[in-house]
Amino acid sequence: MNARRKPPLRILTAVPICDGHDSPIITINLELARHGVEVIYLGYNCPASAIARAAVQEDVHAIGISSYNGGHIAFFDEVVGCLHKYGGQRIPLFGGGGGTITPQDEAVMKRRGVDRIFFAGTPLQEIVSTVIKHYSRPLNRQRGLHGDRKMARAITVAESSKSELRSPKQAPNRKLQIVNRKSFVAGVTGPGGAGKSTLIDELVRRYLQQHPQGRVAVLANDPSHPDSGGAILGDRASMIYAQHDRVFMRSLATRGHLSGLSSATRAALEILKSSGEVDFIFVESVGIGQESDPFQLFGRRRRLVDASLLVMSPYYGGRIQLQKIGLLNGADFVAINKCDQPAAKTAKAEIAERLEANQRGQKLFGTIAARHGDPGVDALYAAIEEKANRQ
């Protein structure tokens with residue numbers, strides 16, 4: 001079976017560089033998600049190149065930019081130029097900016113490739129309904145794509161299929177299976193708020209520094225809203241170093257799949273591996289609970305990852321709670337993040353005791369991902385790299 005289902009509209013939103021006015025776009029993001037749209041939010045102070053690169057890798061239906069800093073004509077021009085550079089010239093671009101963009105500006109911007117402008121006073125419902133009506137269209141397989149654009153579209157097709165958990169031989173990018181280098185896959189999971197995205201970003205930074213020719217990919221999973229089916233996919237907003245030409249990043253909504261990952265994750269991994277374009281892949285789960293096993297570490301199914309990292313905060317509720325967390329039995333590495341918190345010392349002792357009882361040689365690290373150059377993250381990265389080198 002390879003039946004298709006109607007996929008959600010995917011819109012990338014951002015605020016330009018030198019502009020910190022994010023309240024309007026956050027309001028629009030939430031309203032779009034309430035109407036079933038998957039919103040990939042890039043955050044504020046975004047360079048044009050980061051917006052265009054993200055739009056191509058995320059294979060979005062359109063880009064929305066909220067600009068209040070007065071430099072909209074030049075900035076939108078630059079985004080259009082960058083879209084051509086990354087192969088995303090067919091991705092529509094719309095924007096708004098309160099009272100800063102005039103009808104005269106709009107005329108100039110449209111001649112230069114901008115699709116539409118929403119002026120001050122446009123009702124929120126009109127913006128949302130116009131975006132949904134105007135930009136919804138199927139994103140089917142397309143010949144002639146290359147590089148990131150080709151990988152991105154293959155993942156889109158996999159997400160839209162009812163048989164995402166297919167074998168590699170049935171993968172939608174079968175023609176891409178020209179593996180000339182092996183990709184190592186590290187799965188990162190943990191409860192919401194533990195700092196998974198920030199920690200991955202720091203690990204990506206170390207990879208880029210130590211592998212000047214290497215390329216890394218990030219598959220970031222976020223939950224879909226159970227009522228509307230929409231989602232706010234916001235991991236890019238907290239990943240600074242992942243905004244790099246040697247990083248392919250894709251945000252995946254769970255779309256009702258309750259394992260902590262999108263059901264298209266296995267197919268997406270096969271697409272990335274078979275492309276031959278990435279050496280190292282991080283997979284981030286949504287925030288998980290005590291019984292979760294997103295990477296299939298237990299049971300008979302083939303594991304999704306080569307190494308697994310469980311990220312915890314020092315505040316887990318005490319020793320009895322530790323006994324309930326199944327992943328503490330299976331994770332290769334455990335990181336207690338936010339180790340500058342007062343409870344960290346006790347947490348490290350209790351979790352070390354819990355891991356010791358497993359007698360599996362699991363490694364425990366204390367990290368402060370929010371601190372630049374943290375030695376705990378250095379040690380964690382070195383351990384993951386060592387495991388990758390042994391593969």
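Residues numbered from 1 in each chain as written. Predicted model: local features only at pLDDT ≥ 70, side-chain atom pairs only at ≥ 80, totals over all residues. Heavy atoms only, no water.

**Notes on the overall build of the chain**
Here comes step 1: Helix and strand counts for the chain come out as twelve helices and 13 strands.
Here comes step 2: Burial statistics for the chain: of 391 residues in total, 56% are counted as buried.
Here comes step 3: Restricting to contacts in the chain with at least 6 residues of sequence separation, those with at least 24 account for 76%.
Here comes step 4: Computed over 51 positive and 37 negative side-chain charges, the inter-centroid distance for the chain is 8 Å. (Helix = DSSP H or I, 4+ residues; strand = E, 2+ residues; numbered from the N terminus. Buried < 20%, exposed > 50% of the residue type's maximum accessible area, 1.4 Å probe, protein only. Contact = heavy atoms within 4.5 Å. Lys, Arg positive; Asp, Glu negative; His and termini not counted. Charge placed at Lys NZ, Arg CZ, Asp CG, Glu CD.)

**Quick notes on helix α11 (residues 344-358)**
Here comes step 1: When the terminal C-alpha atoms of α11 are compared, their 21 Å separation across 15 residues agrees well with the 21 Å that a helix rising 1.5 Å per residue should span.
Here comes step 2: Turning to α11, its buried residues number three or more, namely A344, A347, E350, I351, R354 and L355. Buried residues in α11, looked at end-on, bunch into an arc of 135°, giving them a common side. Among the exposed residues of α11, those pointing more than 90 degrees away from its buried face are K345, E356 and A357.
Here comes step 3: Lining the buried residues of α11 we find β11 (307-312), α9 (319-324), α10 (327-330), β12 (333-336) and β13 (363-366).
Here comes step 4: In the stretch just after α11, Q359 is the one whose phi turns positive, near 55°. (Expected span 1.5 Å × (residues − 1). Arc of directions from axis to C-beta.)

**Section: helix α4 (residues 103-111)**
Here comes step 1: What α4 keeps buried is the set D105, E106 and M109. Along the long axis of α4, the arc covered by the buried residues comes to 100°, so they all point the same way. Opposite the buried face of α4, at more than 90 degrees from it, the exposed residues are P103, Q104 and R111.
Here comes step 2: Summarising the contacts, the buried residues of α4 are in contact with α3 (72-86) and β5 (116-118).
Here comes step 3: Following α4 by one or two positions, G113 has its phi on the positive side, about 115°.

**With respect to the sheet that holds strand β6 (residues 184-190)**
Here comes step 1: Ordered by their spatial adjacency, seven strands build an open sheet running β9-β7-β10-β6-β11-β12-β13, and the pairing between neighbours is parallel. Each of the sheet's edge strands pairs with one partner strand only, and the pair in question is β9 (247-253) and β13. Direction aside, neighbouring strands of the sheet carry axes that sit 20° apart on average.
Here comes step 2: By the bridge criterion, five bridges tie strand β7 (residues 216-222) to strand β10 (residues 280-287) in an arrangement that is parallel. By the bridge assignment, L219 is partnered in β10 with V283.
Here comes step 3: Lying over the sheet, helix α7 (residues 196-210) contacts β6, β7, β9, β10, β11 and β12, oriented at roughly 175° with respect to β10. (Pairing = 2+ DSSP bridges. Axes fitted to C-alpha atoms, helices over the stretch in contact; angles between N-to-C directions.)

**Digging into the side chain of D148**
Here comes step 1: Secondary-structure assignment places D148 in helix α6 (residues 147-159).
Here comes step 2: Dropping the residues within four chain positions of it, D148 is found in contact with V56, Q57, R215, F248 and E277.

**Notes on unusual backbone geometry**
Here comes step 1: Even without being glycine, K338 reaches a positive phi, approximately 65°.
Here comes step 2: Position of K338 among the secondary structure elements: in the loop between β12 and α11.
Here comes step 3: One non-glycine residue with positive phi stands out, namely Q359, at about 55°.
Here comes step 4: Note that Q359 resides in the loop between α11 and β13.

**A few points about the confidence of the model for the chain**
Here comes step 1: Predicted confidence across the chain gives a mean pLDDT of 92, with 94% of residues reaching 70 or more.
Here comes step 2: Segment residues 164-178: pLDDT under 50, and 34 contacts once partners within four positions in sequence are set aside and those in other chains are kept. (pLDDT = per-residue confidence, 0-100.)

**A short note on the environment of V334**
Here comes step 1: Within the fold, V334 resides in strand β12.
Here comes step 2: Residue class for V334 comes out buried when judged on its relative accessible area of 0%.
Here comes step 3: Spatially, the C-alpha atoms of V334 and L380 are 9.1 Å apart, while their sequence positions differ by 46 residues.

**Some words on the side chain of R246**
Here comes step 1: Along the chain, R246 falls in the loop between β8 (231-233) and β9.
Here comes step 2: Buried charged residue R246 carries no salt bridge. Nearest counter-charge: D279, at 7.2 Å.
Here comes step 3: Reaching out from R246, the side chain makes a polar contact with the backbone oxygen of G214 at a distance of 2.7 Å. (Salt bridge = Lys/Arg side-chain N within 4 Å of Asp/Glu carboxyl O. Polar contact = N/O pair within 3.5 Å; in protein donor to acceptor, adjacent residues only side chain to side chain.)

**Let's talk about the pairing of β11**
Here comes step 1: The element β11 is largely enclosed, with a buried count of six among its six residues.
Here comes step 2: Residues A307, L309 and V311 of β11 are buried on one face, and the alternating residues S308, L310 and M312, pointing to the opposite face, are buried as well.
Here comes step 3: Direction of pairing for β11 relative to β12: parallel, over a ladder of four bridges. Residue pairing in the sheet places L309 in a bridge with F333 of β12.

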